[in-house]
Amino acid sequence: MALVTTKGMLVTANEENFAIGAFNANNLEMAKGIVEAATEMNSPVIVEVSHGGILHGGVKEMAACVKALARQVEIPVALHYDHGTDLIHNIKCLRAGFTSLMFDGSDLSYIENVKKTKLIVNIAHSVGVPVEGELGKIPENQDEIAPEKLMNYLTDPQQAKDFVDKTGVDFLAVAVGSMHKMKSQSVNLDIDRIKRIKKYVKLPLVLHGSSGVTDRSIKEAIESGISKINVHTYLAKNFTLKVRKVLKDNPEMVDLRKYLKPGREALKEAVKEQIDLFGSFNKADRIKHRKVEEPSGFKAGRVVE
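In this report, the structure presented in the accompanying data block is examined. (Residues numbered from 1 in each chain as written. Predicted model: local features only at pLDDT ≥ 70, side-chain atom pairs only at ≥ 80, totals over all residues. Heavy atoms only, no water.)

### Topic: the pattern of salt bridges
For the record, the criterion: For this analysis, a salt bridge means a side-chain nitrogen from Lys or Arg found within 4 Å of a carboxyl oxygen belonging to Asp or Glu. Helix and strand definitions here come from DSSP, where helices need a minimum of 4 consecutive H or I residues and strands a minimum of 2 consecutive E residues; each element is numbered from the N-terminal end. Per-residue accessibility, obtained with a 1.4 Å probe over protein chains only, is compared with the maximum for each type, and a residue is labelled buried under 20%, exposed over 50%, and partly exposed between these values.
Within this structure, the stated rule accounts for 17 salt bridges. With a shortest N-O distance of 3.2 Å, Lys 32 and Glu 36 are connected by a salt bridge. One end of the pair is Lys 32 and the other is Glu 36, both in helix α2 (residues 28-40) and four residues apart, which spans about a single turn. Overall, the relative accessible area of 26% leaves Lys 32 in the partly exposed class. Its salt-bridge partner being Lys 272, residue Glu 269 comes within 3.8 Å of it at the nearest N-O pair. One end of the pair is Glu 269 and the other is Lys 272, both in helix α11 (residues 256-278) and three residues apart, which spans about a single turn. Note on Glu 269: relative accessible area 47%, which makes it partly exposed. Looking at Lys 272, the relative accessible area reads 18%, which means it is buried. Bridged by salt links that share partners, the residues Lys 32, Glu 36, Glu 40, Lys 268, Glu 269 and Lys 272 form one connected network.

### Concerning the packing of helix α7 (residues 157-167) against helix α8 (residues 191-200)
What counts is decided by this rule: Every axis corresponds to a line fitted to the C-alpha atoms, with the helix fit spanning only the stretch in contact, and the corresponding angles, defined between N-to-C directions, vary from 0 to 180 degrees. Two helices crossing with the near one rotated counterclockwise from the far one by less than a right angle form a left-handed crossing, whereas a clockwise rotation gives a right-handed crossing. Contacts: residue pairs with any heavy atoms within 4.5 Å of one another.
Following both chains from N to C, one finds α7 and α8 inclined at 35°, their axes separated by 8 Å at the closest point. The handedness of the crossing between α7 and α8 comes out as right-handed. Here α7 contributes Pro 157, Gln 158, Ala 160 and Lys 161 to the contact with α8, which in turn contributes Arg 193, Arg 196, Ile 197 and Tyr 200.

### Quick notes on helix α1 (residues 6-16)
So the rule is basically this: Within 3.5 Å is the distance limit for a polar contact, defined as a pair of N or O atoms, with the added protein rule that one can donate a hydrogen and the other accept it, and that residues adjacent in sequence qualify only through two side-chain atoms.
Taken as a whole, α1 has its buried residues at Thr 6, Gly 8, Met 9, Leu 10, Thr 12 and Ala 13. At its buried positions, α1 is contacted by β1 (20-24), β2 (45-50), β3 (77-82), β6 (171-174) and β8 (226-231). The N-capping residue of α1, defined by a side-chain oxygen 3.1 Å from the backbone nitrogen of Lys 7, is Thr 5. Asn 17 sits one or two residues past α1 and shows a positive phi near 65°.

### Comments concerning the side chain of Asp 170
Within the secondary structure layout, Asp 170 lies in the loop between α7 and β6. A relative accessible area of 7% places Asp 170 in the buried class. At a separation of 2.7 Å, a polar atom in the side chain of Asp 170 contacts the side chain of His 125.

### Description of unusual backbone geometry
Of note in the backbone geometry, Asn 17 takes a positive phi value of approximately 65° without being a glycine. By the element assignment, Asn 17 lies in the loop between α1 and β1. Given a relative accessible area of 42%, Asn 17 falls into the partly exposed group. The backbone of His 83 shows a phi angle near 60°, a positive value even though the residue is not glycine. Here His 83 shows up in the loop between β3 and α5 (87-96).

### Digging into the pairing of β3
The buried fraction of β3 is high, at six of six residues. Of the two faces of β3, the one carrying Val 77, Leu 79 and Tyr 81 and the one carrying Ala 78, His 80 and Asp 82 are both buried.

### Here we look at the nonpolar core
In plain terms, the rule: Only buried residues count toward a nonpolar core, which is a set of Ala, Val, Leu, Ile, Met, Phe, Trp, Tyr and Cys residues joined through side-chain atoms within 4.5 Å.
With 76 residues, the main nonpolar core has Phe 98 and Leu 101 as its most contacted residues. Excluding residues within four positions of it along the chain, Leu 101 makes contact with His 80, Tyr 81, Asn 90, Cys 93, Leu 94, Ile 120, Ala 124, Val 129, Pro 130, Val 131 and Glu 132. One finds Val 4, Met 9, Ala 13 and Val 206 within the second-largest nonpolar core, a separate group that totals 14 residues.

### Side note on the environment of Phe 18
Relative to the elements of secondary structure, Phe 18 occurs in the loop between α1 and β1. What makes Phe 18 buried here is its relative accessible area of 2%. Sequence spacing of Phe 18 and Ala 221 is 203 residues, and the spatial spacing of their C-alpha atoms is 9.9 Å. Setting aside chain neighbours within four positions, we find Phe 18 in contact with Thr 12, Ala 13, Ile 222, Ile 226, Ser 227, Phe 278, Gly 279, Ser 280, Lys 283 and Ile 287.

Below, the structure written as structure tokens:
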């Protein structure tokens, strides 16, 4: 089927108390592995490309890749721009056919974050594309910030309501103790904070930096209101370790297909594991998805219920 937006996906996940995996792809191998894994699990899936991923793979190229993969399967597939930090790149993604955007204003003042997020929301909503905002800040890794200082970065529940009311975002990424780029699972989230945010914000909540979070804490977070979970480092780690092993065992190998395919298969297993953990296995048919035509400039992209 054609790409769908994240709107129907996450509304359903929010209502039915499960989460949908948003898996980062930097090239065809990763995107193909993600979509194949989700198809085999009959799960809705969000393929997301970060700003760094766009610089590596190209915005039009990555969009074309994911569109082609989505057309070949029957599960709902959305294409999401992850951690967009400026207006220009969000617009480029919109023009390329992304069906979901994120504006990350976590490095800005609260007033500027609200102002710029609202602007992107207004533009994206005009063509039926939902937007994720971020309040609070998820640090890059555990070496950059002492645990006792992490509290300064966490999302304030009452401010979250004000942010949602003023910006009109469709989903909210919250800082609740996770960190980006962690290679081992050692973090337990502030579950009470998630529950308090959920009292003020009825929208789907988003967890970034999940690769370093324990499985038990992930499950508790979903039960408390997290509906979208971003995964990158865990997938990249599994892919890379497999490729490294194949090349170590076959030092003369030069055929990329012979080591990239095993890497893709390792990534697929990691995606399936996360889908099972998030509770979206066999949920593809439950999604009240909204199809989106491929945008041409800003004129197309109308939502069809």
